[in-house]
Amino acid sequence: MDDIQIPILDLRLQYQTIQTEIQEAIDRVLNSGRFILGEEVANFEQAVANYLGVQHAIAVNSGTDALIISLRCLGIGKGDEVITTPFSFFATAEAISRVGAMPIFVDVEPETFNIDAQKIVEKITSRTRAILPVHLFGNPAPMGQILDIARAYNLKVIEDCAQSFGATYESDCSTCQQGCSETRRWHLQGKPTGSMGDLGAFSFFPTKNLGAYGDGGLIATHDSELAAVAKQLRVHGETKKYHNEMLGYNSRLDALQAAILRVKLNYIDQWNEKRRNIAQFYQQQLQTIEELILPDFTKGHVFHQYTIRILEGKRDRVQASLSDQGIGTMVYYPVPQSELPVYQGQYETFPISNVLAQQVLSLPIWPELSQQAMEKVCDGLATALKEASV
Ligand SMILES: *Cc1c(COP(=O)(O)O)cnc(C)c1O
């Protein structure tokens, strides 16, 4: 809409802050004459592996491909079941279905919007091969408990980190109710998302916390054998040119995107810190409003989205009123994955995901958002709630 003064996201301001470095990077690639994979991509992969503290990072075409290739690396396909959350972007379940496996949904925790680990075990069958948690909106899923379950039932874990680049698992062991083993808690403390499971799948879609200027994705793993298969799958299943050994994909990252992402990686921690500061401001300003439930605020959360719950059936009216005031918001997600037309009739309803789909509203949160804009969002929200009451 033209009259939106505070958009949900504006990527132009960030570009202006790094314009010189980006143009140098682009120029370097154009002059190199190498545009797919190559040294630029290898350098970026190494930088991400260092950042995450993993042995291997394999850059691919998108976050969706990162999920699909991760599932293929584990040999998951027809007849297999993969446990995941109903409350996510469709790429999560789509990847599972795409490889021929069956998504098995487990409802979320109302406070964190992440998969409820307490409900996982009851969904495990003889066909279950993996758990695929999503670190939704940048908030790490309960990995301690998930990894304990995976170990006990001999399952693999793929982390969907599309929204959580830079997030860390910070379980407060003295107060947390997660019930994972002491050694595991100690071991995971402070670990980046994507470094805890067997594989971590990242997206560099432009709107993500670490966004390219086009599509991009990456697989992180400690396992050299899985890394080798991922590398093979991204180039048509070949290890040697024209000697293809399996059905793979054309899923390579562009050198241009890698060069751009390499620049942006230097800023990701400071950008994530700004997101956290904005979230903190919202928490303070909005905490006294009774019709709202504010998001979980954990130490390692990187606030890809700042998502509130609006009670009493007012969400849509509040969103319309904010829009009239020039404030952009989004509903992530209006329909749980399990209820999408593509799966119609196959799944039971998930009560918490259903309620969230009716109540959630994501407010503008991006590193360059000004103090004045944040204040306007809070004032606008108060006005919108009053308007929605009459
Ligand atoms: C964005 C996203 C994806 C897919 O990433 P693409 O790069 O767009 O393919 C997967 N899962 C989640 C949770 C996402 O938000």
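Predicted model, so just to flag it, every value in this text is computed and none were measured. (Residues numbered from 1 in each chain as written. Predicted model: local features only at pLDDT ≥ 70, side-chain atom pairs only at ≥ 80, totals over all residues. Heavy atoms only, no water.)

### Overview of the sheet that holds strand S12 (residues 360-363)
Stage number 1. Strands sit in the order S10-S11-S12 across an open sheet of three strands; the sheet is antiparallel. Only two strands of the sheet have a single neighbouring strand rather than two, namely strand S10 (292-293) and S12.
Stage number 2. Most of the contacts of helix H9 (residues 268-286) go to strand S11 (residues 306-310), to which it runs at about 20 degrees, and overall it touches S10, S11 and S12.
Stage number 3. Most of the contacts of helix H11 (residues 351-359) go to S11, to which it runs at about 95 degrees, and overall it touches S11 and S12. (Pairing = 2+ DSSP bridges. Helix = DSSP H or I, 4+ residues; strand = E, 2+ residues; numbered from the N terminus. Contact = heavy atoms within 4.5 Å. Axes fitted to C-alpha atoms, helices over the stretch in contact; angles between N-to-C directions.)

### Side note on the site of the ligand
Stage number 1. Residues in contact with the ligand amount to 15 residues; listed here are only the nearest, Gly63, Thr64, Gln163, Ser203 and Lys208.
Stage number 2. One nitrogen or oxygen atom from the side chain of Gln163 is found 2.8 Å from an oxygen atom belonging to the ligand.
Stage number 3. A distance of 2.7 Å separates an oxygen atom of the ligand from a polar side-chain atom of Lys208.
Stage number 4. Computed on the free molecule, the ligand has an accessible area of 380 Å², of which 93% lies beneath the protein chains in the complex.
Stage number 5. Looking at the shell around the ligand, the elements that each hand over two or more residues are helix H3 (63-73) and helix H4 (91-98). (Near = heavy atom within 4 Å. Polar contact = N/O pair within 3.5 Å; in protein donor to acceptor, adjacent residues only side chain to side chain. Areas by Shrake-Rupley, 256 points an atom, 1.4 Å probe, with all protein chains shown as cover.)

### Focus: a nonpolar patch on the surface
Stage number 1. On the surface, Leu30, Phe35 and Ile36 cluster together into a nonpolar patch covering about 270 Å² of accessible area.
Stage number 2. Within the element layout of this structure, Phe35 appears in the loop between helix H1 (12-32) and helix H2 (38-52). (Patch = residues over 30% accessible without salt bridge, like charges linked within 9 Å, V, L, I, M, F, W, Y side chains within 5 Å. Salt bridge = Lys/Arg side-chain N within 4 Å of Asp/Glu carboxyl O.)

### With respect to the packing of aromatic side chains
Stage number 1. According to the stated counting rule, one finds 19 aromatic pairs in the structure shown.
Stage number 2. Ring geometry for Phe87 and Phe113: centres 6.3 Å apart, planes at 65 degrees, overall edge-to-face. Here the residue Phe87 occupies a position in the loop between strand S2 (81-84) and H4, and Phe113 occupies one in the loop between strand S3 (102-105) and strand S4 (128-132), the gap between them amounting to 26 residues.
Stage number 3. For Phe113, a relative accessible area of 4% puts it in the buried group.
Stage number 4. Taken together, the aromatic side chains of Phe44, Tyr51, Phe165, Phe202 and Phe204 make up a single cluster linked through ring pairs. (Phe/Tyr/Trp six-rings, centres within 6.5 Å; stacked < 30°, edge-to-face > 60°. Buried < 20%, exposed > 50% of the residue type's maximum accessible area, 1.4 Å probe, protein only.)

### Describing the packing of H1 against helix H8 (residues 255-265)
Stage number 1. Closest axis-to-axis distance for the H1/H8 pair is 9 Å, and the angle between their directions is 140 degrees. One element, H1, and the other, H8, form an angle in the oblique class. Here H1 runs over H8; the crossing is right-handed. Note on element contacts: H8 touches H1 through Ala255, Leu256, Ala259, Ile260, Val263 and Lys264, opposite Gln14, Ile18, Glu21, Ile22, Ala25, Ile26, Arg28, Val29 and Leu30.
Stage number 2. Looking at side-chain class alone, the contact of H1 with H8 contains 11 nonpolar, one polar and three charged residues. (Parallel < 35°, antiparallel > 145°, perpendicular 65-115°, else oblique. Left-handed = near helix turned anticlockwise from the far one by under 90°. Nonpolar A, V, L, I, M, F, W, Y, C, P; charged D, E, K, R; others polar.)

### As for the pattern of salt bridges
Stage number 1. In total, this model carries 12 salt bridges according to the counting rule given.
Stage number 2. The salt bridge partner of Asp116 is Lys119, with a shortest N-O separation of 3.7 Å.
Stage number 3. For Asp116, a relative accessible area of 12% corresponds to the buried category.
Stage number 4. Look at Lys119 and you get partly exposed, because its relative accessible area is 29%.
Stage number 5. For Asp316, the salt bridge is made with Arg315, and the minimal N-O distance between the two is 2.7 Å.

### Describing the environment of Asn154
Stage number 1. Tracing the sequence through the fold places Asn154 in the loop between helix H5 (143-153) and strand S5 (156-160).
Stage number 2. A C-alpha to C-alpha distance of 38 Å links Asn154 and Trp271, two positions 117 residues apart in sequence.

### Some thoughts on the pairing of S12
Stage number 1. Residues of S12 alternate between two faces, with Val360 and Ser362 on one and Leu361 and Leu363 on the opposite face, all of them buried.
Stage number 2. As paired elements, S11 and S12 share four bridges and run antiparallel to each other. Paired with Thr307 across the two strands is Ser362, which belongs to S12.

### Observations regarding H3
Stage number 1. Counted residue by residue, H3 has nine buried out of 11 residues, so it is predominantly covered.
Stage number 2. Residues of H3 that are buried include every one of Gly63, Asp65, Ala66, Leu67, Ile68, Ile69, Ser70, Leu71 and Cys73, and no others.
Stage number 3. Near the N-terminus of H3, the side chain that reaches the backbone nitrogen of Thr64, with its oxygen 3.4 Å away, is that of Ser62.
Stage number 4. Two residues or fewer after H3 comes Gly75, characterised by a positive phi angle close to 75 degrees.

### Quick look at H11
Count 3.6 residues to each turn of an α-helix, and residues three or four apart come out pointing the same way.
Stage number 1. Those residues of H11 that fall on the buried side of the exposure criterion are Ser353, Leu356, Ala357 and Gln359.
Stage number 2. On its buried face, H11 sits against S11, helix H10 (315-324) and S12.

### Things to note about the pairing of strand S8 (residues 199-203)
Stage number 1. Counted residue by residue, S8 has five buried out of five residues, so it is predominantly covered.
Stage number 2. Burial of the side chains of S8 extends over both faces: Leu199, Ala201 and Ser203 are buried on one face and Gly200 and Phe202 on the other.
Stage number 3. The pairing of S8 with strand S9 (residues 217-221) spans four bridges and is antiparallel. Following the sheet pairing, Ser203 is matched in S9 by Gly217.

### Considerations on the sheet that holds strand S1 (residues 56-60)
Stage number 1. A sheet is described by the order of its strands in space; here seven strands give the open sequence S1-S9-S8-S5-S4-S2-S3, paired in mixed fashion. Where the open sheet ends on each side, the last strands, each with one partner, are S1 and S3. Here the strands of the sheet are splayed against their neighbours by 25 degrees on average, with no regard to which way each runs.
Stage number 2. In the packing of H2 onto the sheet, contacts are made with S1, S8 and S9, and the angle to S1 comes to roughly 130 degrees.
Stage number 3. Together, S2, S3, S4 and S5 form the strand contacts of H4, whose direction differs from that of S3 by roughly 140 degrees.

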